[in-house]
Amino acid sequence: MPRDGSDPNGAPARGRRAVARLALPVALALGLIGVGALWRYAEALPPLDLAAASTRSTVVLDRSGTLLRPFATADGRWRLPVTADTIDPRYRAMLVAFEDRRFANHPGIDPVAVLRAAIQWLRNGRIVSGGSTLSMQVARLVEPRRERTLGAKLRQMARALLLERRLGKSGLLDLYFALAPYGGPLEGVRAASLAYFGREPVRLTAAQAALLVALPQSPETRRPDRFPERARAARDRVLDIASARGILTAGEAEAAKAEPVPTARRPFPMLAAHAAEEAVATDTTAPVIRLAIDARLQERLEVLASERAAAAGPGLSVAILVLDNRDGRVLAQVGSAGYLDSSRNGAIDMTLAVRSPGSALKPFVYAMAFADGLAHPETLLEDRPARFSANYAPENFDLTFQGTVTARRALQLSLNVPAVELMDAVGPARFIARLRAAGAAIQLPREAAPGLPVALGGLGITLTDLARLYAGIARGGTVPGLLRRAEAAPAGAEGRVAESVAAWYVADILRGTPPPENALPNRIAYKTGTSYGYRDAWAAGFDRHVTVVVWVGRADGAAVPGLVGRTVAAPMLFDAFARLGLEPEPVPQPRDVLAVGPGGLPPPLRHLRREAAGAPGPALRIAYPPDGARIDLGLGAAGHEGEGTADGPALALKALGGVPPLTWLIDGQPVVQTPRRRAAWSPTGAGFARISVLDSTGASDSVSIRLE
């Protein structure tokens, strides 16, 4: 040590400090020169086209902006629209701290990071860190290049400068949030958050935010659904940095590390799948489509449909439509019991399928009769055996008759004979014309002229049109136009299905219909229906504000024994109303309602009487051959009535009762139609055969025989 006490190494130390003090301004000067050169290079590059980077998945939202269903881009990628204000702020803080902590202060490139990367490259002979800023990463995403050369890096830096000037910091972040890769077809933080966590990125746990920060660095090798341990390690490194830089406390970081990493991708939301698909098919260019549907109600009803279809049996589907009576907005549209359930043909939207409504159309027959002054809710009707037009004798569902009943009681019990009697009075053609004028696309079988059976469902209608007609009753007779988009302006009424007083009579009657088992009475006005052959079960209900229609059946139209509207669809209707979360309100009473005073109704309205076209005759039955008979073909026609034919010996057929003409069927196939009660049939061989006969009223009888 020198005698003067000075440090023998002092001069060199001071020299190194002096060099260090000079190095920083020199580096900054060189950095500024480099940035200037990059600016000139950037301005010489061809213009950057951001159109491809702006392509997003089409998304369908509900009325409040909740995602119902996204659709992949044309090249099969999930790139959902997202902005900074729809992302958890903690995720953004972690992203900047981990990827580019000087992001707020640099112009697109970070000279300090670039200088550090260059020194590490010179020192190690290889790239240790790339010095990439978030701006440079966005430039690489917008203009992807496979080569990893110095020229490619310089071009990326130049593009970053241009993007900063063109978009600003917030615009750059929006692009990163939308384009960052997360493995496979997932691009953007929103798609990744939905796929890995099943939630929007607006609110994430610390562990979830850290994982979303870590994945884009190496999206394919860190995919949690394939490499969960690598994903966990990368996530934990982000959590350590977030803790070190004060974004998280040490305790929060440790707790986040204990959270499991997702090991599988979740399906994207698919609420109102049919409605979303129809909306996209209608408007192929709109990136965002907002429907009038309420996502929370839609989800509740989809769960209801799925649960009840599973309980009802294999192959059965369910459709539910909810309309706002004020303007016809579609609040929920459940097209099937499960869009992806192929066993129930779930991809078919049954709200648009043409089906037979059964008795669900009876209220509109009564409404016409009330409006025409033919009847009143307290008018007496006859529910007794009757034949109409000489060949039509309807029966009730339970094969019984109630005798003399009021119109109110007849509709509440869904009696068939009174409904047909009223249809006969108002006229089937007029009735169909009224429904069509109200906007319902009615289909008649084989373009036949309307007949009395339309009162009992002998026509085709969609659930959507049926719901609009019932909403018309709730609105005092005016049928609303259908509004599917949230932003659509009310279009007003499309037609009138009933006069206001008649509509209220029907609503008041249906509100008193006995409810299903375990349901409260007098809450909603409703009507059920069951189509011929047990193919469709219906329940339609409404209060002052909302109309709900439920359909249950097979999408292929096959018969389902025991499928009855009252026992299958009605309980579902009442459950659907309960899930609306609103207390039902009755339809308000209009003026001019005819109240029944002490003297009763005026004489013309007291009793609807109709002259019968003819009293019912004896029941149809097969007199020969008897049921269970064995018949020897070798005997020919000996001992039987009938004649032989070229095809072999003829078997005589004889019926008693019924209304001719009669149609004879063998094993379900018609073989002869005759105005007489006798016919002949030539069997083609031995074996069992089922012989049936139908008369003009639809009555039938059958026997089984054995031919030897």
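Residues numbered from 1 in each chain as written. Predicted model: local features only at pLDDT ≥ 70, side-chain atom pairs only at ≥ 80, totals over all residues. Heavy atoms only, no water.

Participant: Mind showing me how you'd approach the sheet that holds strand 1 (residues 59-61) here?
Facilitator: By definition, the strands of a sheet pair up through backbone hydrogen bonds, in either a parallel or an antiparallel sense. Overall, mixed pairing links the 3 strands, which are arranged 2-1-5 in an open sheet. In the strand order of this sheet, the two ends are held by strand 2 (67-70) and strand 5 (288-290), each with one partner. Taking the axes of each pair of neighbouring strands and ignoring which way they run, one obtains an average angle of 20 degrees across the sheet. Here strand 1 pairs with strand 2 via 3 bridges, running antiparallel. Among the inter-strand pairings, V59 is bridged to a residue of strand 2, identified as P70. Together, strand 1, strand 2 and strand 5 form the strand contacts of helix 10 (residues 273-282), whose direction differs from that of strand 2 by roughly 60 degrees. (Pairing = 2+ DSSP bridges. Helix = DSSP H or I, 4+ residues; strand = E, 2+ residues; numbered from the N terminus. Axes fitted to C-alpha atoms, helices over the stretch in contact; angles between N-to-C directions. Contact = heavy atoms within 4.5 Å.)

Participant: Explanation requested: empty space enclosed by the protein in the structure shown.
Facilitator: Rolled over the atoms, a probe as big as a water molecule pinpoints where empty space is left. For the structure on display, the rule yields 2 cavities of 30 Å³ or more. F197, A207, Q208, L211, R235, E259, P260, V261 and P262 together form the lining of the second largest cavity. Among the elements that make up the lining of the second largest cavity, the one with the highest residue count is helix 7 (residues 206-214) (3 residues). Of the residues assigned to the lining of the second largest cavity, the class counts are 6 nonpolar, 1 polar and 2 charged. (1 Å grid on protein atoms, 1.4 Å probe; cavity = no way out; pocket = protein on both sides within 12 Å on 5 of 7 lines; lining within 4 Å. Points joined across faces, edges and corners; volume = space filled by probe spheres on them. Nonpolar A, V, L, I, M, F, W, Y, C, P; charged D, E, K, R; others polar.)

Participant: Looking at this structure, I do not really get the side chain of S414. What am I missing?
Facilitator: Its location among the elements puts S414 in the loop between helix 13 (407-412) and helix 14 (416-426). In terms of polar contacts, S414 uses its side chain to reach the side chain of S359, at 3.5 Å. Setting aside chain neighbours within four positions, we find S414 in contact with S359, K362 and K527. (Polar contact = N/O pair within 3.5 Å; in protein donor to acceptor, adjacent residues only side chain to side chain.)

Participant: Just to check I follow, could you spell out the packing of helix 12 (residues 362-371) against helix 15 (residues 428-437) for this structure?
Facilitator: Any two packed helices are characterised by how steeply their axes cross, that is the angle between the axes, and by the distance between the axes. Direction vectors running N to C along helix 12 and helix 15 enclose 105 degrees, while the axes themselves pass 11 Å from each other. It follows from the interaxial angle that helix 12 and helix 15 lie roughly perpendicular. Of helix 15, the residues touching helix 12 (which contributes F364, V365 and M368) are R430, F431, R434 and L435. (Parallel < 35°, antiparallel > 145°, perpendicular 65-115°, else oblique.)

Participant: I would appreciate a short explanation of the side chain of D62 in the present structure.
Facilitator: The topology assignment puts D62 in the loop between strand 1 and strand 2. No salt bridge is formed by the buried D62; its nearest oppositely charged neighbour, R290, is found at 5.6 Å. Of the polar contacts made by the side chain of D62, one reaches the backbone nitrogen of S64; its length is 3.0 Å. At a separation of 3.0 Å, a polar atom in the side chain of D62 contacts the main-chain amide nitrogen of A295. Excluding residues within four positions of it along the chain, D62 makes contact with L68, R290, L291, I293, D294 and A295. (Buried < 20%, exposed > 50% of the residue type's maximum accessible area, 1.4 Å probe, protein only. Lys, Arg positive; Asp, Glu negative; His and termini not counted. Salt bridge = Lys/Arg side-chain N within 4 Å of Asp/Glu carboxyl O.)

Participant: Looking at this structure, how should I read the environment of P428?
Facilitator: Mapping P428 onto the fold places it in helix 15. The buried category is assigned to P428, whose relative accessible area is 15%. Excluding residues that lie within four positions of it along the chain, P428 makes contacts with M423, P450, G451, L452 and V454.

Participant: Help me understand the pairing of strand 15 (residues 536-542), please; the structure alone is not making it clear to me.
Facilitator: Side chains on a regular strand alternate between the two faces of the sheet. In terms of burial, strand 15 is a largely internal element, 7 of the 7 residues being buried. With burial as the criterion, each face of strand 15 is covered, one bearing D536, W538, A540 and F542 and the other bearing A537, A539 and G541. Note: strand 14 (residues 525-530) against strand 15, 6 bridges, orientation antiparallel. By the bridge assignment, Y526 is partnered in strand 15 with G541. With antiparallel pairing between neighbouring strands as the criterion, strand 14 and strand 15 make up a hairpin whose turn holds 5 residues, including G533 at a positive phi of roughly 80 degrees. Counted between consecutive antiparallel strands, the loop separating strand 15 from strand 16 (residues 546-554) contains 3 residues.

Participant: Any chance you could explain the packing of helix 2 (residues 89-99) against helix 8 (residues 228-244) here in plain terms?
Facilitator: The interhelical angle for the contact between helix 2 and helix 8, taken along N-to-C directions, is 95 degrees, at an axis separation of 9 Å. Between helix 2 and helix 8, the angle falls in the class roughly perpendicular. Counted together, M94, A97 and F98 of helix 2 and V238, L239, I241 and A242 of helix 8 form the full contact between these two elements. Here the residues of the contact of helix 2 with helix 8 are counted per class, giving 7 nonpolar, no polar and no charged.

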